[in-house]
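Below, each chain spelled out in residue letters.
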Amino acid sequence: MDENPILVEQRDGYRVLTLNRPQRLNAFTEPMHVALREALAAAEADAGCRALLITGAGRGFCAGQDLNDRLSQAGDTPVLGSALETYYNPLVRRLRALPFPVVVAVNGVAAGAGCNIALACDIVIAARSASFIQSFARIGLVPDSGGTWTLPRLVGPARARALALLAEPLPAETAEAWGLIWKVYDDATLMEEAHKLCARFAVAPTAGLALIKRALDQSWDNDLDAQLDLEREFQREASLNPDYAEGVRAFMEKRPPRFGGRR
Ligand code: T3D
């Protein structure tokens, strides 16, 4: 069993979680899921945590499910479903709902659930050498971890279909050009840029950012009328947080704001 499948590093105002099974391109096992779940719960429970950075150890980001766990001694394969219910689906739901921004630094190949977990994060940046693969079709599976929802929304139906049906690697630069991810950086500068983003979020108006996340997610289910109502309610809620008053004061006084980040 791996000793530390998830590494947790505490920084000033944010945490860094590193998927740490580099010998298998950080593919998911049950212990890794459990460790990630605990790390996310701890980050959420820490009022001082105002952003999260997720990355992978070694040359890959994450190769999805560890397929060693899907082949029994007799060569049979298990019927799937429960791992999605128990691990992958709650993970994606939790990433979307965390009350602060989640930055993912895709340091290498992101395949299968590894790809879609990255795409579930708020800001996806990638190394120029990285690639994104909906590898499910190669083994007779269906994109999971939200892929069938995320892909058409990010890149449109034609590209989503080809990505899912062909399961070809999409180079990071094309992923950026297609709007699948935010930005590509040279491999050598990826982590520096990821830390810069998190340091910025660590002094941001956290509750307001959490409301932005929720408003954008809910917009997929709403018509304009309903979304306008939602914006009214969220704006009301944002204005009750002291960070709003501080933002206005700082603007008027021509100084940088000092956001407390109360969630
Ligand atoms: O409950 C459920 O199971 C449902 C949930 C499903 C979620 C899923 O994610 S299903 C999709 C599972 N993932 C895959 O099918 C991807 C499999 N991996 C690959 O296709 C390739 O490894 C990559 C395209 C990602 C990278 O290729 P490459 O050439 O850069 O590396 P490699 O040589 O294939 O891999 C390096 C090592 O990692 C290698 O081990 P070795 O030979 O050095 O001992 C390889 O076997 C191992 N590895 C890579 N991916 C996995 C893996 N081992 C186990 N499971 C993996 N997913």
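Shown above is the structure to which this text applies.
Attention in this report is confined to the structure presented alongside it. (Residues numbered from 1 in each chain as written. Predicted model: local features only at pLDDT ≥ 70, side-chain atom pairs only at ≥ 80, totals over all residues. Heavy atoms only, no water.)

**Observations regarding the overall build of the protein chain**
Along the protein chain, the regular secondary structure elements total 10 helices and 10 strands. The C-alpha radius of gyration of the protein chain comes to 19 Å, within 12% of the 18 Å expected for a compact globule of 263 residues. Seen along its three principal axes, the alpha-carbon backbone of the protein chain occupies a region of about 70 × 45 × 35 Å. Considering the protein chain as a whole, with its 263 residues, one finds that 47% of them fall into the buried category. Of all intrachain contacts in the protein chain linking residues separated by at least 6 positions in sequence, the fraction that spans at least 24 positions is 68%. Of the roughly 13,900 Å² of accessible surface on the protein chain, 56% is carried by carbon and sulfur atoms. Looking at the protein chain, you have 29 positive and 32 negative side-chain charges, and the mean spots of the two groups are 4 Å apart. (Helix = DSSP H or I, 4+ residues; strand = E, 2+ residues; numbered from the N terminus. Rg over C-alpha atoms; globule rule 2.2 N^0.38 Å. Buried < 20%, exposed > 50% of the residue type's maximum accessible area, 1.4 Å probe, protein only. Contact = heavy atoms within 4.5 Å. Areas by Shrake-Rupley, 256 points an atom, 1.4 Å probe, with all protein chains shown as cover. Lys, Arg positive; Asp, Glu negative; His and termini not counted. Charge placed at Lys NZ, Arg CZ, Asp CG, Glu CD.)

**Concerning the packing of helix H1 (residues 30–45) against helix H2 (residues 82–97)**
H2 packs onto H1 with a crossing angle of 25° between their chain directions and a minimal axis gap of 11 Å. One way to sum up the angle between H1 and H2 is to call them roughly parallel. Here H1 runs over H2; the crossing is left-handed. Side by side, H1 and H2 meet where Glu-30, His-33, Val-34, Leu-36, Arg-37, Leu-40, Ala-41 and Glu-44 of the first sit next to Thr-86, Tyr-87, Tyr-88, Leu-91, Arg-94 and Leu-95 of the second. (Axes fitted to C-alpha atoms, helices over the stretch in contact; angles between N-to-C directions. Parallel < 35°, antiparallel > 145°, perpendicular 65-115°, else oblique. Left-handed = near helix turned anticlockwise from the far one by under 90°.)

**As for the environment of Glu-85**
Its location among the elements puts Glu-85 in helix H2. In this structure Glu-85 comes out as exposed when scored by relative accessible area, which is 56%. Taking C-alpha positions, Glu-85 is 26 Å from Leu-180, a pair spaced 95 residues apart along the chain.

**Some points on the sheet that holds strand S10 (residues 183–185)**
Here 6 strands make up an open sheet; going across it, the order is S1-S2-S3-S5-S7-S10 and the pairing mixed. Across the chains shown, the open sheet's two edge strands, defined by having one partner strand only, are strand S1 (6–11) and S10. Along the sheet, successive strands turn relative to each other by an average axial angle of 20°, direction set aside. The sheet contact formed by strand S3 (residues 52–56) and strand S5 (residues 102–106) spans 4 bridges and is parallel. Its bridge partner being in S5, Thr-55 is matched across the sheet by Ala-105. Along the sheet, H1 makes contact with S1, strand S2 (14–19) and S3, crossing S2 at roughly 175°. (Pairing = 2+ DSSP bridges.)

**A closer look at the packing of helix H4 (residues 147–155) against helix H5 (residues 157–166)**
Relative orientation of the contacting elements H4 and H5 amounts to 135°, with a least axis distance of 7 Å. As far as their axial angle goes, H5 and H4 are oblique. The handedness of the crossing between H4 and H5 comes out as right-handed. Within the contact between the two elements, H4 uses Leu-151, Pro-152 and Val-155 and H5 uses Pro-157, Arg-159, Ala-160 and Leu-163. When the residues that make up the contact of H4 with H5 are grouped by side-chain class, the tally is 6 nonpolar, no polar and 1 charged. (Nonpolar A, V, L, I, M, F, W, Y, C, P; charged D, E, K, R; others polar.)

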